[in-house]
Amino acid sequence: MNKFKIALVQHKTKSTDVQENTTLALRYIAEAKQANADFILFPECFLTSYTFPEICETFQPVENLENDPAFRAWCENDLHVEGAALNAICQAAKHHAIGVEITAFTQGKKYPQNSAYLIDRNGAVLMKYSKVHTCDFSFERYLESGDEFKVCHFEDLCLGTMICYDREYPESARELMLQGAELILIPNDCGDIKPFRLQELSVAAMQNQVGVAMANPPGDKAGCSCAFHPQVWDCQDNCLAVASESEAGLIYATFDIDALRAYRKREDLGKYRKVNAYRHLCLNSK
């Protein structure tokens, strides 16, 4: 693969109607294909919307919420692999021969997870990833966290993914880099993007010698869906694309995969780590 063109969806779904959101996702997939994109990345929880039951605003222990009808319905109605919505997205990926990363609240063991599905051009699910660093200081305390970072191969390109708050932990990108990720995809839904979270992504690309792409809904201090390449010694700016805060729709970025691989081969970042000195990285924090 030489060039990899990705479409970043900058749109906020506010309805919890999965069918309605699926129809919108299908329109974006078709539009991205018309623009000859190889892949389309949706923001966080696109199919279900990033919406929690009202009772979650009380921040009670989860055991106190289990008999609440709205909370029970939310836990029972999240997306699952056999569901019609995901099947429709897979069929669209196959019909348009385009890769897709679609997002939703999904079924966990007992409570929902915040997940992303990576789908290939044939409509096959390559990988499901569930957010590891859930925002336990907020509503996401009611979610089940994922327990691993992992990668998959989209044709000959090694892809990794993380979701929103995972960005704030440098170990997330490094774990994916160590597994061979060449491009890290980030479904996102948060504000205060400029300047530091953009800088955070630029640095993650540089430090791990990976491409980074993020899709984020528009809004005040939000938006700014973006893409960065890692070749910082070859240029003054490693930003491939960045949207405004307010624009809605698709933003495109094209990664030169051959140039990225040549750069990774000759440069040194990440290759000479002294891991015996990392004494506290795997210790449980208190």
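### Regarding the sheet that holds strand 4 (residues 113-119)
Within a beta sheet, neighbouring strands are joined by backbone hydrogen bonds and run either parallel or antiparallel to one another. Read across the sheet, six strands follow the order 5-4-3-2-1-12 without closing on themselves; strand pairing throughout is mixed. One side of each edge strand has no neighbouring strand; the edge strands of this open sheet are strand 5 (125-130) and strand 12 (249-256). Between one strand axis and the next, the sheet turns through 25° on average, direction left out of account. Bridging between strand 4 and strand 5 involves five bridges; their strand directions are antiparallel. What sits directly across from Y117, in strand 5, is K128. Across the face of the sheet, helix 1 (residues 18-34) comes into contact with strand 1 (3-10), strand 2 (39-41), strand 3 (99-106) and strand 12 while running at roughly 45° to strand 12. Helix-sheet contacts for helix 6 (residues 257-266) involve strand 1 and strand 12, and the interaxial angle to strand 12 is about 50°.

### Things to note about the packing of helix 1 against helix 3 (residues 84-96)
Between two packed helices, what matters for the description is the angle formed by their axes and the separation of those axes. Two elements in contact, helix 1 and helix 3, have axes separated by 10 Å at closest approach and are oriented at 10°. In terms of their interaxial angle, helix 1 and helix 3 are classed as roughly parallel. Residue-level inspection shows V18, T22, A25, L26, I29, A30 and K33 of helix 1 in contact with helix 3, the latter providing A85, A88, I89, A92 and H96. Residues belonging to the contact of helix 1 with helix 3 are distributed by class as follows: nine nonpolar, two polar and one charged.

### Observations concerning the environment of Q209
For Q209, the position within the fold is in the loop between helix 5 (196-208) and strand 9 (211-215). What makes Q209 buried here is its relative accessible area of 5%.

### Comments concerning the sheet that holds strand 6 (residues 151-154)
If you trace the six strands from one edge of the open sheet to the other, you get 6-7-8-9-10-11, paired in mixed fashion. In this open sheet, the two strands that pair with only one neighbour each are strand 6 and strand 11 (239-242). On average, each strand axis in the sheet is tilted by 20° relative to the strand beside it, whichever way the strands run. Bridge count for strand 9 against strand 10 (residues 226-228) is three bridges, and the pairing is antiparallel. Residue pairing in the sheet places M214 in a bridge with C226 of strand 10.

### Notes on the side chain of D166
Here D166 lies in the loop between strand 7 (157-161) and helix 4 (170-178). Despite its burial, D166 remains without a salt bridge, the nearest opposite charge being carried by K131 at 6.5 Å. Of the polar contacts made by the side chain of D166, one reaches the backbone nitrogen of I163; its length is 2.9 Å. Residues contacting D166, with those up to four places away along its chain left out, are Y129, K131, V132, H133, F149 and S172.

### Focus: the pairing of strand 1
With six of eight residues buried, strand 1 is to be regarded as a mostly interior element. Bridge count between strand 1 and strand 2: three bridges; the pairing is parallel. Its bridge partner lying in strand 2, I6 is registered against F39. Since strand 1 and strand 2 lie parallel, the crossover through helix 1 that links them has a hand, and here it is right-handed.

### Details of the nonpolar core
The biggest cluster of nonpolar side chains holds 26 residues, and the ones touching the most others in it are I40, F42, F46, L47, V100, I102 and I119. Of all elements in the fold, only strand 1, helix 1, helix 3, strand 3 and strand 4 reach the threshold of two or more residues within this core. Broken down by element, the residue count for this core peaks at six residues, all from helix 3. The contacts of L47, once residues within four sequence positions are left out, are D17, V18, N21, T22, A25, L79, A85, I89, I102, T103 and A104. Counting residues in each nonpolar core, the second largest holds 25 residues, with A116, M177, V212 and C224 among its members.

### Topic: the packing of helix 4 against helix 5
Running from N to C, helix 4 and helix 5 point in directions that differ by 35°, and their axes come no closer than 10 Å. Taken as a pair, helix 4 and helix 5 cross one another with a handedness that is right-handed. Between helix 4 and helix 5, the residues in contact are A173, R174 and M177 and A204, Q207 and N208, respectively. Along the lines of polarity and charge, the residues of the contact of helix 4 with helix 5 split into three nonpolar, two polar and one charged.

### Examining the packing of aromatic side chains
For the coordinates displayed, the defined rule picks out 17 aromatic pairs. A ring pair is formed by F52 and F105, whose centres lie 5.2 Å apart and whose planes are at 65°; its orientation type is edge-to-face. One end of the pair, F52, is in the loop between strand 2 and helix 2 (69-76); the other, F105, is in strand 3, and 53 residues separate them in sequence. Comparing F52 with F105 shows no difference in burial state: the two are buried. In this structure an aromatic cluster arises from ring pairing among Y50, F52, F59, F71, W74, F105, Y111, F139 and Y142. When the ring centre of Y252 is taken as reference, the NZ or CZ atom of K5 above it lies at 4.9 Å.

What counts and how
Residues numbered from 1 in each chain as written. Predicted model: local features only at pLDDT ≥ 70, side-chain atom pairs only at ≥ 80, totals over all residues. Heavy atoms only, no water. Pairing = 2+ DSSP bridges. Helix = DSSP H or I, 4+ residues; strand = E, 2+ residues; numbered from the N terminus. Axes fitted to C-alpha atoms, helices over the stretch in contact; angles between N-to-C directions. Contact = heavy atoms within 4.5 Å. Parallel < 35°, antiparallel > 145°, perpendicular 65-115°, else oblique. Nonpolar A, V, L, I, M, F, W, Y, C, P; charged D, E, K, R; others polar. Buried < 20%, exposed > 50% of the residue type's maximum accessible area, 1.4 Å probe, protein only. Lys, Arg positive; Asp, Glu negative; His and termini not counted. Salt bridge = Lys/Arg side-chain N within 4 Å of Asp/Glu carboxyl O. Polar contact = N/O pair within 3.5 Å; in protein donor to acceptor, adjacent residues only side chain to side chain. Right-handed = clockwise from strand over helix to strand, strands pointing away. Core = buried A, V, L, I, M, F, W, Y, C linked by side-chain atoms within 4.5 Å. Left-handed = near helix turned anticlockwise from the far one by under 90°. Phe/Tyr/Trp six-rings, centres within 6.5 Å; stacked < 30°, edge-to-face > 60°. Lys NZ or Arg CZ within 6 Å of the ring centre and 35° of its normal.

Geometric values such as these leave the question of function open.
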